[in-house]
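# Coordinates in review
The residues making up each chain are set out below.
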Amino acid sequence: MALIEFEHVFKRYPGGSVAAVDDLNLHIEAGEFLTLLGPSGSGKTTTLMLLAGFEATSAGVIRLDGKSIESLPPHLRNMGVVFQSYSLFPHMTVAQNVAFPLSVRKVPASQIADKVTAALAKVHLENFTHRRPSQLSGGQQQRVALARALVFEPRLVLMDEPLSALDKKLREEMQLQIRRLHRELGVTMVFVTHDQSEAMTLSDRVAVFNQGRIEQLASPQELYDAPANPFVANFLGDNNMINCTLVSGADAGPEAATASVKTASGQSLQARICSTRALPENTAVKLCVRPEFLQVGLQRAALATPNCLDGTLVDLIHQGDHWRLVARLQGIGKSGPDQAPQWFAKISPGALPQGLVVGQNVCLGFRPEDTWVF
Ligand SMILES: Nc1ncnc2c1ncn2[C@@H]1O[C@H](COP(=O)(O)OP(=O)(O)O)[C@@H](O)[C@H]1O
Ligand SMILES: [Mg+2]
């Protein structure tokens, strides 16, 4: 049995025209690190608030250990919560802040000091007990908030964009600390972020949210290597896309198969089809390729890949460990060249063709097995 089960959960806010959470079905396993990832407004915070008990569901049921938690108030759900803003009490010391959930739960005073010390040790802040929040850096304040969420040994720790106010270096440091805590404590963690690299760093599984629904729930690697649809392909990692029509009908079965597709300008491409249903000829499809799978050459002859698209180099950006090439595809747009899609490629410095200049014609090559068709 899963630790948490959402079953057909809906949330409509008063006056809201659409459901903030729209028929959500989600199981959270004991001990896992699950991240809710999605753009702003996709229902991540609402989902977390429903779980913590700060908002009530409009329909559906949420179960903890198989029992509905609808009538349980937040402090009886045994969940620690960390918010984006540190939400520490400014007039209390660090130790008093961390002790707060214990006094609310009527833990005997004789046990409080030891538990507070242990929780602060977990986040390496045992020497800061007498400071006030205003005397701490942002990262330290968020570690206090984390200690406060852990101090009563909750079954679940819920975190809503806890690192988004920190600068990049500190954020990455905190990600490693949170990973370590998850490993050491074995506590179930549910983490909300809109940052795909943060989700990939932290999570056992990621639920990709869009408009109150889950588009795909899988491990970070599976989401990246086998996205279920264009939304997931575009949200996790970079992605190039082009509209095509299917030339040879593909009946792929459970295994991936190669199919022929045609671009709007009539150019043939070979692509990989993973769909389990048979697709008839002339089906409109989207072909996707990640930028790291593109090769760039000045002429077709320079590329060994079966597929080639012609483009015009729009920009060439040095990004340290790789070059980022931006090219506008030729002969694709219906209403003039400005409508043609822009693709970009990540090219390692050693593979960059000599003498590339912006404005020049280039060929973008890729292998069928590096594509997806949706
Ligand atoms: N208290 C509220 N009252 C009305 N609408 C809300 C409230 N909170 C969130 N919403 C709406 O619900 C949707 C989902 O919001 P939210 O769960 O905060 O998304 P996310 O955390 O992914 O950014 C959005 O359209 C948002 O405007
Ligand atoms: Mg939010």
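For the structure itself, look to the data block above.
Structure report, in brief. (Residues numbered from 1 in each chain as written. Chains lettered and ligands numbered in written order. Predicted model: local features only at pLDDT ≥ 70, side-chain atom pairs only at ≥ 80, totals over all residues.)

Lining the immediate environment of ligand 1, one finds Tyr13, Gly16, Ala20, Gly38, Ser40, Gly41, Ser42, Gly43, Lys44, Thr45 and Thr46. Its residues assigned to classes, the shell around ligand 1 shows two nonpolar, eight polar and one charged. (Near = placed C-beta within 6 Å. Nonpolar A, V, L, I, M, F, W, Y, C, P; charged D, E, K, R; others polar.)

Our focus in this paragraph is the environment of Arg63. By secondary structure assignment, the location of Arg63 is in strand β4 (residues 59-64). Through-space distance from the C-alpha of Arg63 to that of Pro73 is 14 Å; in sequence the pair is ten residues apart. Apart from the residues lying within four places of it in its own chain, the contact partners of Arg63 are Ile4, Glu5, Ser68 and Ile69. (Helix = DSSP H or I, 4+ residues; strand = E, 2+ residues; numbered from the N terminus. Contact = placed C-beta atoms within 7 Å.)

Attention now moves to the pairing of strand β6 (residues 79-82). Burial of β6 is two-sided: the residues Met79 and Val81 facing one way and the residues Gly80 and Val82 facing the other way are all buried. Pairing geometry for β6 and strand β7 (residues 156-160), over four bridges, is parallel. When the bridges of β7 are listed, Met79 appears paired with Leu156. (Buried ≥ 20, exposed ≤ 12 C-beta atoms within 10 Å, placed from the backbone. Pairing = 2+ DSSP bridges.)

Moving on to helix α4 (residues 138-150). An ideal rise of 1.5 Å per residue puts 18 Å on 13 residues; α4 measures up with 19 Å between its terminal C-alpha atoms. Here α4 lies mainly inside the structure; ten of its 13 residues are buried. Among the residues making up α4, those that are buried are Gln141, Gln142, Arg143, Val144, Ala145, Leu146, Ala147, Arg148, Ala149 and Leu150. (Expected span 1.5 Å × (residues − 1).)

Turning to unusual backbone geometry, a few remarks are in order. We note that Lys106 has phi near 60°; this positive angle belongs to a residue other than glycine. By secondary structure assignment, the location of Lys106 is in the loop between α2 (94-104) and α3 (109-122). Residue Lys106 is classed as exposed on the basis of its 6 C-beta neighbours within 10 Å. Even without being a glycine, Glu153 presents a positive backbone phi close to 50°. Positionally, Glu153 belongs in the loop between α4 and β7.

This paragraph deals with the sheet that holds strand β17 (residues 323-329). With antiparallel pairing, the five strands of this open sheet are ordered in space as β15-β19-β16-β17-β18. Edge positions in the open sheet fall to β15 (295-297) and β18 (342-347), since each of these has one partner strand only. For this sheet, the mean angle separating the axes of adjacent strands, direction not counted, is 45°. In this structure, β15 lies alongside strand β19 (residues 361-366), joined through three bridges in antiparallel fashion. Pairing of Gly297 across the sheet is with Cys363, part of β19. (Axes fitted to C-alpha atoms, helices over the stretch in contact; angles between N-to-C directions.)

Let us now look at the packing of α2 against α4. Relative orientation and spacing of two packed helices are given, respectively, by the angle between their axes and the distance between those axes. For the pair α2 and α4, the least separation of the axes is 7 Å and the interaxial angle reads 30°. Relative to α4, the element α2 is oriented roughly parallel. For the crossing formed where α2 meets α4, the hand is right-handed. Along the contact surface, α2 presents Val94, Asn97, Val98, Phe100 and Pro101, while α4 presents Val144, Ala147 and Arg148. (Parallel < 35°, antiparallel > 145°, perpendicular 65-115°, else oblique. Left-handed = near helix turned anticlockwise from the far one by under 90°.)

Judged by nonpolar contacts, the single largest core of 87 residues is most densely connected at Val98, Ala147, Leu158, Val190, Val208, Val261 and Leu364. Here this core takes six residues from α4, the largest share from any one element. Lining this core are residues from two domains, each supplying at least three of them: domain 1 (4-234) and domain 2 (238-373). Each residue touching Leu158, except ones within four places of it in the same chain, is listed here: Leu48, Leu51, Ala52, Met79, Val81 and Val190. (Core = buried A, V, L, I, M, F, W, Y, C linked by C-beta atoms within 7 Å. Domains from an automatic or database assignment.)

From the geometry alone we can't say anything about function, so treat these as descriptive.
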